[in-house]
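Now for the letters of each chain:
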Amino acid sequence: MTMGSAASDTVVVPRNFRLLEELERGEKGIGDGSVSYGMDDGDDIVMRSWTGTIIGPLNCVHEGRIYQLKLVCDKDYPDKPPAVRFHSRINLACVHPDTGVVEADKLPTLREWRREYTMEHLLTQLKKEMAAPHNRRLPQPPEGTFFFSD
């Protein structure tokens, strides 16, 4: 009798169960509280539309700033990354300056997306990107300005 390989024993968690897990984790709070996320609309049964918040990291131009983001998890999530767009204006190398869209080809986490990555991981990586040497001193738009309105 031959036992199955490790790859065939892998359990793939369905999209909605995965998103429920992420929602529960997001509602409990994450780490030091500088990154948070939750559903845009509690009545959205497909759990597509999410909001995220990042408090800028210390010792850079983003320190203390509060950034709001929109995340959209389409039917292929988590096999494919969510679409991410900053609502708050920000100047980052990986963010389109006119739309606030996080450009997948400029952010390794999106470009090299893996199923086990989460929205929490993505937001944490964006926060790290803010503190990266090529972003930490970029001039920023005035606080309280936005790319789009809801």
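Up top is the structure.
If you're wondering where the values come from, they're calculated on a predicted model, not measured in any experiment.

Conventions we followed
Residues numbered from 1 in each chain as written. Predicted model: local features only at pLDDT ≥ 70, side-chain atom pairs only at ≥ 80, totals over all residues. Heavy atoms only, no water. Pairing = 2+ DSSP bridges. Helix = DSSP H or I, 4+ residues; strand = E, 2+ residues; numbered from the N terminus. Buried < 20%, exposed > 50% of the residue type's maximum accessible area, 1.4 Å probe, protein only. Polar contact = N/O pair within 3.5 Å; in protein donor to acceptor, adjacent residues only side chain to side chain. Contact = heavy atoms within 4.5 Å. Core = buried A, V, L, I, M, F, W, Y, C linked by side-chain atoms within 4.5 Å.

**Some thoughts on the pairing of strand β2 (residues 49-55)**
Link 1 in the chain: Bridge analysis of strand β1 (residues 35-39) against β2 gives five bridges, and the strand direction is antiparallel. Looking at the pairing, Gly 38 lines up with Thr 51 of β2.
Link 2 in the chain: Strand direction decides the pairing type here: β2 and strand β3 (residues 66-72), joined by seven bridges, are antiparallel. Bridging across to β3, Ile 55 finds its partner in Ile 66.

**Let's talk about the side chain of Ser 49**
Link 1 in the chain: In this structure, Ser 49 sits in strand β2.
Link 2 in the chain: Given the relative accessible area of 13%, Ser 49 is considered buried.
Link 3 in the chain: A distance of 2.8 Å separates the side chain of Ser 49 from the side chain of Asp 40, its partner in a polar contact.
Link 4 in the chain: In this structure the side chain of Ser 49 is engaged in a polar contact, spanning 2.5 Å, whose partner is the side chain of Lys 70.
Link 5 in the chain: Residues in contact with Ser 49, not counting those within four places in the same chain, are Met 39, Asp 40, Asp 41, Asp 44, Lys 70 and Leu 71.

**Examining the nonpolar core**
Link 1 in the chain: In terms of nonpolar packing, the biggest core is built from 31 residues, with Trp 50, Phe 86, Ile 90, Val 95, Val 102, Met 119 and Leu 126 touching the most fellow members.
Link 2 in the chain: Among the elements that make up this core, the one with the highest residue count is helix α3 (residues 119-131) (five residues).
Link 3 in the chain: Each residue touching Val 95, except ones within four places of it in the same chain, is listed here: Phe 86, Ile 90, Gly 100, Val 101, Val 102 and Phe 147.

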